[in-house]
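Chain and residue survey
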Amino acid sequence: MVTLLNPEDCSLLEEGVPENFVKPARLSELIDPFLSLPPRNTDISGCPPARVNFDLLHKTAVLVGGILEECIDMRERIVELRKITAQELLKRYAAGEQDFAGVDLSGAVFPSEDCILKGINLAGAILRNTNLCSANLANANLEGANLSNVWLHLAILYDANLEGANLEGTTLCSASLNSANLKRANFRYGDFRGASLENANFEFADLSNTNFARTKLTKVDSLANANISKANLSFTSLNNDFSGVNLSGANLSFAHIYACDFTNANLREANLTGANLEDSIFKGADLAEANFTNAIYVSIYEAININLAIFSNTRMPNGSFLNNNCQVNR
């Protein structure tokens, strides 16, 4: 009995599997993608299930009763089998199916009304350039999915898992991402304006060049180790722990930054023009070339670097004003 396996996630490409067959998904432990495939007759029937990526191989394992017989190039067939339309997915979802891990929906257009896909599994799916405006993806599993340049305006993504997903250039304006897992996701050049982000977790996320203008971030769960360099945070409301975070070149102009912790943060060349920094901490922060023009409640005495920083009509916590020609006493 021959079974073809998808090389990206070891899902079955063709049926006809014995009931006692254990889906092998630890082939990565047997295969060195830079060297060779496992030898013929390798018994992998007892490998524990887990997701694995075979992008470098573009191979499909051919198994007989759990014994690896040979490996053949099936890349074109795999792409053909994984590609589905929005209409097909919606039909299958309505029939009770929820597992669509690894499918290719690139360029698909979903209806803007009544697109309810709550709890769907799209882990590792390809959704680039897809229109999911107003879609309900609450509790969806999108871990590792490719959502680059996707339209998610007004989408519902609360409690969704987007860990490690690629959302570069994606529009999330006015989307609901409350309690979403956004760890290690790539949001470069994304647009979060007006999004709801209460209890969202951005740990280790790449938010560089992202647009958060006029968005409330005060209740975000975590931004630990996130890269927020060159992001647009102008006119935002912030009450977050930014300790150790990279905010170099970020636009924080006219933001309400209340009691934020910027300990050891990188704010080189950041724009804080007109920002309200009441009770914020800059201990050990790098503020070189940052612009504090017309900013208020600025306490920079514990910063480690203010070289070439701009202070013009900058109001200090004690009510005094600091300008570039003033001597800063540490």
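Residues numbered from 1 in each chain as written. Predicted model: local features only at pLDDT ≥ 70, side-chain atom pairs only at ≥ 80, totals over all residues. Heavy atoms only, no water.

1. Here's the deal with the overall build of the protein
Along the protein, the regular secondary structure elements total two helices and eight strands. Listing every helix and strand of the protein by position from the N terminus yields β-β-β-β-α-α-β-β-β-β. Per-residue burial over the protein gives 47% buried out of 330 residues. Long-range contacts, defined here as pairs at least 24 residues apart, represent 13% of the contacts in the protein between residues at least 6 apart. Of the roughly 15500 Å² that the protein leaves accessible, carbon and sulfur atoms contribute 46%. (Helix = DSSP H or I, 4+ residues; strand = E, 2+ residues; numbered from the N terminus. Buried < 20%, exposed > 50% of the residue type's maximum accessible area, 1.4 Å probe, protein only. Contact = heavy atoms within 4.5 Å. Areas by Shrake-Rupley, 256 points an atom, 1.4 Å probe, with all protein chains shown as cover.)

2. Considering the confidence of the model for the protein
Low pLDDT means the predicted coordinates in that region are not meant to be read closely. Confidence along the protein averages 80 in pLDDT terms, with 74% of residues attaining 70 or more. Every residue in residues 1-81 scores below 50 in pLDDT, and together they form 139 contacts with partners more than four places removed in sequence or on other chains. Within the model, pLDDT remains below 50 along residues 325-330, and this stretch shows ten contacts once partners closer than five positions in the same chain are excluded. (pLDDT = per-residue confidence, 0-100.)

3. Concerning the state of the cysteines
By the definition in use, this model includes zero disulfides. Free of any disulfide, C133 has its nearest neighbouring cysteine sulfur in C115, separated by 9.8 Å. (Disulfide = S-S within 2.5 Å.)

4. Overview of the pattern of salt bridges
All chains considered together, the criterion is met by seven salt bridges. As a salt-bridge pair, R92 and E97 come within 2.8 Å of each other at their nearest N and O atoms. On the basis of relative accessibility, which here comes to 30%, the residue R92 falls in the partly exposed class. Residue E97 is classed as partly exposed on the basis of its relative accessible area, which comes to 29%. Between E168 and R188 there is a salt bridge; the shortest N-O distance is 3.8 Å. Here R188 lies in the loop between α2 (86-94) and β5 (237-238) and E168 lies in the loop between α2 and β5, a separation of 20 residues in the sequence. One network of salt bridges, in which partners are shared, links E88, R92 and E97. (Salt bridge = Lys/Arg side-chain N within 4 Å of Asp/Glu carboxyl O.)

5. Regarding the environment of T314
Relative to the helices and strands, T314 is located in strand β7 (residues 314-315). Overall, T314 belongs to the buried group, its relative accessible area being 0%. Counting along the chain gives 23 residues from T314 to N291, while the straight-line C-alpha distance between them is 9.7 Å. Beyond its immediate chain neighbours, meaning those up to four positions away, T314 contacts F292, T293, N294, A295, V298, S320, F321 and L322.

6. Structural notes on the packing of aromatic side chains
Under the definition given, this model contains ten aromatic pairs. Pairing F242 with F262 gives two aromatic rings, centres 5.2 Å apart and planes at 5°, and the pair type is stacked. Of this pair, F242 sits in the loop between β5 and β6 (256-257) while F262 is found in the loop between β6 and β7, placing the two residues 20 residues apart along the sequence. Exposure remark for F242: the relative accessible area of 2% places this residue in the buried category. When the ring of F292 is compared with that of F311, the centres are 5.3 Å apart and the planes differ by 5°; the resulting orientation is stacked. Taken together, the positions of F292 in the loop between β6 and β7 and F311 in the loop between β6 and β7 put the pair 19 residues apart, joining distant regions of the chain. In terms of burial, F292 and F311 fall into one category: buried. Chaining the aromatic ring pairs together yields one cluster made of F242, F262, F282, F292 and F311. One residue, R184, lies across the ring of F204, its end atom 4.8 Å from the ring centre. (Phe/Tyr/Trp six-rings, centres within 6.5 Å; stacked < 30°, edge-to-face > 60°. Lys NZ or Arg CZ within 6 Å of the ring centre and 35° of its normal.)

7. Points about α2
Each turn of an α-helix holds 3.6 residues, which means side chains three or four residues apart point in the same direction. Restricting attention to buried positions, one finds in α2 the residues A86, L89 and Y93. Along the axis of α2, the buried positions cluster into a sector of 65°, meaning they face one direction only. Across α2 from its buried face, at more than 90 degrees, point the exposed residues Q87, K91 and A94. Positive backbone phi, approximately 110°, marks G96, located one or two places after α2. (Arc of directions from axis to C-beta.)

8. Considering unusual backbone geometry
Backbone geometry places D114, a non-glycine residue, at a positive phi of 60°. Tracing the chain through its elements places D114 in the loop between α2 and β5.

9. Here we look at the side chain of S148
Inspection of the secondary structure assignment puts S148 in the loop between α2 and β5. Residue classification places S148 among the buried residues on the basis of a relative accessible area of 11%. Dropping the residues within four chain positions of it, S148 is found in contact with R128, N129, N166, L167, E168 and T170.

10. Considerations on the environment of S176
Summarising the element assignment, S176 is placed in the loop between α2 and β5. Remark: the alpha-carbon pair of S176 and L157, spanning 19 residues in sequence, is separated by 5.5 Å. Sequence-distant contacts of S176, defined by excluding residues within four places in its chain, comprise A155, I156, L157, Y158 and S196.

11. Topic: the side chain of N276
Within the secondary structure, N276 is located in the loop between β6 and β7. A polar contact is formed between the side chain of N276 and the backbone nitrogen of E278, at a distance of 3.1 Å. Apart from the residues lying within four places of it in its own chain, the contact partners of N276 are A255, H256, I257, Y258, I296 and Y297. (Polar contact = N/O pair within 3.5 Å; in protein donor to acceptor, adjacent residues only side chain to side chain.)

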